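Survey of secondary and tertiary structure
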Amino acid sequence: MPRPASARADPRVDRPPHAGRVAAPATIRGVSLSPTAAALADRLEDALPQTQCTRCGEPDCRSYAEAIAAGEVPINRCPPGGQGGVVRLAALVGRPPMPLDLAHGTESPRALAVIDEAWCIGCTLCIKACPVDAILGAPKRMHTVIDAHCTGCELCIPVCPVDCIAMEPVTGTATGWDAWSPEQADNARRRHAARRARLEREARENDARLAARRTARRVGLVVEAPQAARPAAEDA
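All residue numbers here refer to positions counted from 1 along the written sequence of the relevant chain. Confidence filtering applies because this is a predicted model: local features only for residues at pLDDT of at least 70, side-chain atom pairs given and counted only at 80 or more, and all residues used for totals across whole chains, interfaces and linings. The side-chain numbers reported here are obtained from all heavy atoms of the structure, hydrogens and water having been left aside.

1. Concerning the overall build of the protein chain
When helices and strands are counted, the protein chain shows 5 helices and 6 strands. For the protein chain, the sequential pattern of α-helices and β-strands runs β-β-α-α-α-β-α-β-β-β-α. Residue burial in the protein chain is summarised as follows: out of 236 residues, 37% are buried. In what follows, a contact means two residues having at least one pair of non-hydrogen atoms within 4.5 Å. In the protein chain, once contacts between residues fewer than 6 apart in sequence are set aside, the share between residues at least 24 apart is 68%. Methods summary: accessible areas were calculated by the Shrake-Rupley approach with a probe of 1.4 Å, and residue burial reflects only the protein chains presented. Within the structure as shown, the protein chain displays about 13,000 Å² of accessible surface, and the carbon and sulfur contribution to it stands at 58%. Put simply, DSSP marks the helices as runs of H or I at least four residues long and the strands as runs of E at least two long, and each gets a number from the N terminus on. Only protein chains enter the calculation, and the probe is 1.4 Å; a residue is then buried if its accessible area is under 20% of its type maximum, exposed if over 50%, and partly exposed in between.

2. Quick notes on the packing of aromatic side chains
When two rings of Phe, Tyr or Trp (its six-membered ring) have centres within 6.5 Å they constitute a pair, described as stacked for plane angles under 30 degrees, edge-to-face for angles over 60, and tilted for the intermediate range. Scanning the model with the defined rule gives 0 aromatic pairs in all. Looking at Arg88, its charged tip hangs above the ring of Trp177, at a distance of 4.2 Å from the centre. Counting as a charge over the ring demands two things of the Lys NZ or Arg CZ atom: a distance within 6 Å of the ring centre and an angle within 35 degrees of the ring normal.

3. Digging into the side chain of Asp46
In this structure, Asp46 sits in helix α1 (residues 35–46). For the purposes of these results, a polar contact is taken to be a pair of N or O atoms within 3.5 Å, where, inside protein, one atom must be able to donate a hydrogen and its partner to accept one; residues adjacent in sequence count only when each atom of the pair is a side-chain atom. Reaching out from Asp46, the side chain makes a polar contact with the side chain of Arg189 at a distance of 3.1 Å.

4. Regarding the environment of Lys128
The topology assignment puts Lys128 in helix α4 (residues 125–129). Overall, the relative accessible area of 57% leaves Lys128 in the exposed class. Distance in space between the C-alpha atoms of Lys128 and Cys156 is 8.5 Å, their sequence separation being 28 residues.

5. Some words on helix α2 (residues 61–69)
It helps to recall that an α-helix has 3.6 residues per turn; residues three or four apart then point in one direction. With 9 of 9 residues buried, α2 is to be regarded as a mostly interior element. Listed as buried for α2 are Cys61, Arg62, Ser63, Tyr64, Ala65, Glu66, Ala67, Ile68 and Ala69. Downstream of α2 by a residue or two, Gly71 has a phi angle that is positive, lying close to 75°.

6. Topic: the state of the cysteines
The rule for a disulfide is simple: a pair of cysteine sulfur atoms within 2.5 Å. Per the counting criterion, the structure on display carries 0 disulfides. The thiol of Cys123 is unpaired, and the distance to the nearest cysteine sulfur, on Cys126, comes to 5.9 Å. We classify Cys126 as buried; its relative accessible area is 6%.

Set out below in structure tokens:
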């Protein structure tokens, strides 16, 4: 059963608005949010733990915040935030708290991913899956997890072809926001935004390289065609 929400004070009180948040387009399913909904999405995002685990059914925490603000999903689909997190979201949207939806996972102590280096084959699949770039490694080289940056999202587990990654609890009996600080959440949000920006940049650079190659091939064909025809013209 989920642990009751902690009675301690909200650790995000008195922090600057949207601390650590990187600006994101105010859209949901490709549709622009109203200014009011976008502002609510900002506040909701600040109240989420930023583990980027996708258990809520959305691709990241920002998307979940926007989906809530748009009225498309309920507020009880974030297991890492726990029941205490549901209470926070309920206060922001002005609705009564509801029990955590166990179909999306249970509230539990935070865990870190640990790679059994003796079995790691260096496939890099876990590196690609990590939403906060918390795994170091190279193709056919041993990988390792940077504990300080791991959010416990578990997205690296299903992609490992040799089952060499395990999750190890590190917070004792503490769960939800008792196991995860606002500073850790802000760090995870920044790293996720930086990763997204890097992937978008790499995609643009790859598209540019492919376009340059296509252009070079077309130019080559234009240059080679007259040369190929020249001997026939001289013979004539």
